[in-house]
Amino acid sequence: MTPAATALTVIIAIVAIGTAVGFLAGSRQRMDLEQWAVGGRGFGTALVFLLMAGEIYTTFAFLGVSGWAYSRGGPILYVLAYLSLAYAASFFFLPQLWEVGHKHRMQTQPDFFNTRYGNKYLSGFVCVVGILAFIPYLQLQLDGVGIIVSVASFGHIGRVPAMTVATVLVIAFVVANGVRAVAWVSVIKDVLMVVAAVAIGIGIPLAHFGSIGAMFTALAHARPHHLTMPGATANLGHSWYISTVLLTALGFYMWPHTFGATFTAKSADTLRRNAVVMPLYTLTLALMFFAGFAVVLITPHLQNGDLALLTVVGRIFPPWLLGVIGGAGALTAMVPAAVLILTAATLFAKNLYRPLFAPAMTDDGVARLARGMVFFLGATSLALAIYGSSTLVSLLLTGYAVVTQCFPGVILGLYWRRASGRAVFIGMIAGVLLAVSLMSAHLDPLFGLNAGFLALCINLTVAVLGSLLSAPEAARGFQEPRIAARPLSE
Amino acid sequence: MKPPSIGALALGIIPFIAMCFSVALWDRIEPMILGLPFNLFWLILWILLTPCCLWGAYRLDTKGPGTERGS
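Bear in mind the structure is a predicted one, so any value in this text is a computation, not a measurement.

## What to know about the overall build of chain A
Working step 1: Summing up its helical and strand segments, chain A has 23 helices and zero strands in all.
Working step 2: Looking at chain A as a whole, 61% of its 490 residues qualify as buried.
Working step 3: When contacts within chain A are restricted to residue pairs at least 6 apart in sequence, those whose partners lie at least 24 apart make up 85%.

Structure representation (structure tokens):
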């Protein structure tokens, strides 16, 4: 077989096994709306860990991190800090969020906003923000599959057919099985990911430099500024680092899918223990740094940094190993893509369309509408991935700038009785508009700070001042569950 | 719902100071430790230390008496 045929055969086999496992898992259970979306609230620690890991270790980790280590250098260190700190921060609000969610039977992020603030327009806006932030995130996953397959096939298969097949598979297992399928596929993906990360992160520096230390010494000598901030960029310095780490660490659990996954945990204590252990998982990312930095010396002047990792893997490793890495990478893109599409579809049907436009819709109707939305979202994100161009890290940062605007509403809602829905709403609108307009005007970073972080500061200030200015007797906190369980109109 | 205690919060803020706010102090190549540039070494060290801080917070909040009860 030619190298391309070998690599592609292995990739296809891994994706096929992953998909088959997805279809087999949970196929004997009848899926009503709650089963489909939160797996019946019965997941134990191990499965929650895998579910969260499957959603977290994305194409971004594989190709994006090594890509920025290659093309930008020092600033990519923000990733190591933000993931650990995201778990550290989560320790202090996810268990409380779970308790509230359990008591009020919440399934999604807008459920939280609706229950706490009693404003269906606010929770509708939260849906819109979530779906909006998902767009670059989904695009990132599909871009990743396109990169993997086109590099692994040595250019024989184009990005577009690869992304199309991936999208079809993702839609198929989401529609057939819901979230349990995704959890089981990530079991396979996680094992492969660790194998791939070790092979790449240790293998590339060893093969070319003899040791990781020798690689860094050579790089520090040849490109002394690449390893520190701002690295190869003009304006990603220390203030950018701090503001970006804060924005992303606080936003990590504001994504509708990570927020929603919180409710699938067995208990608040499960979430506490996860938060303690999860930072260790971040260590595997350091291997992606080694790989990306090594490529700077091995293959300088690549046009697209996101191709750096796989290009070198294709040169150094035998084709079957390129296939294993590509297969793991493809699943790594498809698992989160499935979660993203599933979450966005459920949000649209249950939290946006029904409460605002069709209050009489039955649960079955909502489930049907959600399935329809899965097709629509898959097609839309595929189209964007085909026509868009941006680095993978930039895509994720764009998503974060939008989605973290939910943070003030969540944290103030949990811990401050006086937080007012109207103030939170106005703050969020200001934050989202500011973030989107700064980024589309290419004013990111602004004054050395991450634009999304600036928007978050404005958002939080408005929410706090607005709550203080509103009448104290209007403070509602959490109502008793009996009231919250009524139909969504107040 | 029980909000986190002050002690647990204090432990939780330590990783933020070490990995985020103090960046200007450790963002350099020298001294290289274990073959890693200092900034990378520092972050990896704190990835290992963050669970220690959180484990302390966990012990405080799940066993410690006298934590405040919230609404």
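## Considerations on the overall build of chain B
Working step 1: Helix and strand counts for chain B stand at three helices and zero strands.
Working step 2: The order of helices and strands in chain B, counted from the N terminus, is α-α-α.
Working step 3: Going through the 71 residues of chain B one by one, you find that 35% of them count as buried.
Working step 4: For chain B, long-range pairs separated by at least 24 residues make up 67% of all intrachain contacts whose partners lie at least 6 apart in sequence.

## A word on the environment of A:Asp190
Working step 1: Its place among the elements puts A:Asp190 in helix 10 (residues 179–209).
Working step 2: Taking C-alpha positions, A:Asp190 is 34 Å from A:Ser123, a pair spaced 67 residues apart along the chain.

## Looking at the interface of chain B and chain A
Working step 1: Chain B puts 32 residues into the contact, and the matching count from chain A is 37 residues.
Working step 2: Among the elements of the structure, helix 1 (6–21), helix 2 (23–26) and helix 3 (38–63) of chain B are those that each provide at least two residues to the side of chain B that touches chain A.
Working step 3: With 12 residues, the top contributor of residues to the side of chain B that touches chain A is helix 3 of chain B.

## Quick word on the nonpolar core
All names here are of chain A.
Working step 1: Counting residues in hydrophobic clusters, the biggest one holds 192 residues, and the most contacted among them are Leu85, Met334 and Ile341.
Working step 2: Considering every element that reaches this core, the biggest residue donor is helix 17 (residues 319–357), with 22 residues.
Working step 3: With sequence-adjacent residues up to four places away left out, Met334 is seen in contact with Val145, Ala166, Leu169 and Val170.

## Looking at unusual backbone geometry
Working step 1: With omega at 0°, the peptide bond leading from A:Met229 into A:Pro230 counts as cis.
Working step 2: With respect to the helices and strands, the residue A:Pro230 is situated in the loop between helix 11 (212–222) and helix 12 (238–251).
Working step 3: The step from B:Glu30 to B:Pro31 runs through a cis peptide bond, and the omega angle for that step is -10°.
Working step 4: Positive phi values are uncommon outside glycine, yet A:Arg105 reaches one of about 50°.
Working step 5: Mapped onto the secondary structure, A:Arg105 falls in the loop between helix 6 (94–103) and helix 7 (109–117).
Working step 6: The phi torsion at A:His301 lies on the positive side, around 65°, for a residue other than glycine.
Working step 7: In this structure, A:His301 sits in the loop between helix 15 (283–298) and helix 16 (308–316).
Working step 8: The class of A:His301 is exposed, set by 4 C-beta atoms lying within 10 Å.

## Topic: the confidence of the model for chain A
Residues and elements named next belong to chain A.
Working step 1: Averaged over all residues, the pLDDT of chain A is 82; the fraction at 70 or higher stands at 88%.
Working step 2: This stretch, residues 28–33, has a pLDDT under 50; its non-local contacts, to residues over four places away or in other chains, come to six contacts.
Working step 3: Every residue in residues 482–490 is under pLDDT 50, and counting partners more than four places away or in other chains gives 11 contacts.

## Some thoughts on helix 8 (residues 120–152) of chain A
Residue and element names in this part refer to chain A.
Working step 1: An ideal rise of 1.5 Å per residue puts 48 Å on 33 residues; helix 8 measures up with 48 Å between its terminal C-alpha atoms.
Working step 2: Most pronounced at Ile135, the bend in helix 8 amounts to some 30°, and the proline Pro136 follows within four residues.
Working step 3: Among the 33 residues that make up helix 8, 29 are buried, leaving the element largely enclosed by the rest of the structure.
Working step 4: Among the residues trailing helix 8, Phe154 stands out with phi positive, at a value near 50°.

## Thoughts on the packing of helix 8 of chain A against helix 19 (residues 392–403) of chain A
Residue and element names in this part refer to chain A.
Working step 1: Remark: helix 8 packs on helix 19, axes separated minimally by 8 Å, with the N-to-C direction vectors making an angle of 170°. As far as their axial angle goes, helix 19 and helix 8 are roughly antiparallel. For helix 8 against helix 19, the interelement crossing comes out left-handed. Contacts between helix 8 and helix 19 involve Val129, Gly130, Leu132, Ala133, Pro136, Tyr137, Gln139, Leu140, Asp143 and Gly144 from the first element and Leu392, Leu395, Leu396, Thr398, Gly399, Val402 and Val403 from the second.
Working step 2: Of the residues that constitute the contact of helix 8 with helix 19, the class distribution is 11 nonpolar, five polar and one charged.

## Quick word on helix 22 (residues 451–469) of chain A
Residue and element names in this part refer to chain A.
Working step 1: A rise of 1.5 Å per residue sets the reference length of helix 22, with its 19 residues, at 27 Å; its end C-alpha atoms lie 27 Å apart and thus fit the reference within 8%.
Working step 2: Of the positions making up helix 22, those classed as buried are Ala451, Gly452, Phe453, Leu454, Ala455, Leu456, Asn459, Val462, Ala463 and Ser467.
Working step 3: In the core, the buried residues of helix 22 are packed alongside helix 12, helix 19, helix 20 (407–415) and helix 21 (421–440).

## A short note on the confidence of the model for chain B
Residue and element names in this part refer to chain B.
Working step 1: Of all residues in chain B, 87% have pLDDT values of 70 or greater, and the mean over the chain is 85.
Working step 2: Looking at the elements of chain B, mean pLDDT is at its lowest for helix 2, recorded as 90, and at its highest for helix 1, recorded as 92.
Working step 3: Every residue in residues 65–71 scores below 50 in pLDDT, and together they form 11 contacts with partners more than four places removed in sequence or on other chains.
Working step 4: This prediction of the complex comes with two scores: 0.84 for pTM and 0.88 for ipTM.

## A few points about the environment of A:Val464
All names here are of chain A.
Working step 1: Relative to the helices and strands, Val464 is located in helix 22.
Working step 2: On the basis of neighbour counts, which here come to 18 C-beta atoms within 10 Å, the residue Val464 falls in the partly exposed class.
Working step 3: Between the alpha carbons of Val464 and Gly421 there is a distance of 11 Å; along the sequence they are 43 residues apart.

Scoring rules and cut-offs
Residue indices follow the written sequence of each chain, beginning from 1 at its first position. Chain labels run from A onward and ligand labels from 1 onward, assigned in the order the entries are written. Under the rules for a predicted model, residues below a pLDDT of 70 receive no local features and side-chain atom pairs below 80 are neither given nor counted, while totals for whole chains, interfaces and linings still include all residues. Helix numbering and strand numbering both begin at the N terminus, where a helix is a DSSP run of H or I of at least 4 residues and a strand a DSSP run of E of at least 2. Backbone-placed C-beta atoms define the burial measure: a residue is buried with 20 or more other C-beta atoms within 10 Å of its own, exposed with 12 or fewer, and partly exposed in between. This entry defines residue contacts through backbone-placed C-beta atoms, with two residues in contact when those atoms are within 7 Å. By definition, a nonpolar core groups buried Ala, Val, Leu, Ile, Met, Phe, Trp, Tyr and Cys residues that connect through C-beta atoms lying within 7 Å of each other. As a per-residue measure, pLDDT tells how confident the predictor is, with possible values from 0 to 100. Expected helix span is computed as 1.5 Å times (number of residues minus one). Throughout, bend refers to the angle between the axes fitted to the seven residues that end at a position and the seven residues that start at it. Only the contacting stretch of a helix is used when fitting its axis, a line to C-alpha atoms as for every element, and angles between N-to-C directions run 0 to 180 degrees. Roughly parallel here means an angle under 35 degrees, roughly antiparallel means over 145, roughly perpendicular means 65 to 115, and every remaining angle is called oblique. Should the near helix be turned anticlockwise from the far one by less than a right angle, the crossing is left-handed, and should it be turned clockwise, the crossing is right-handed. Residue polarity is assigned by list, with Asp, Glu, Lys and Arg as charged and Ala, Val, Leu, Ile, Met, Phe, Trp, Tyr, Cys and Pro as nonpolar; anything else, Gly included, falls into the polar class.

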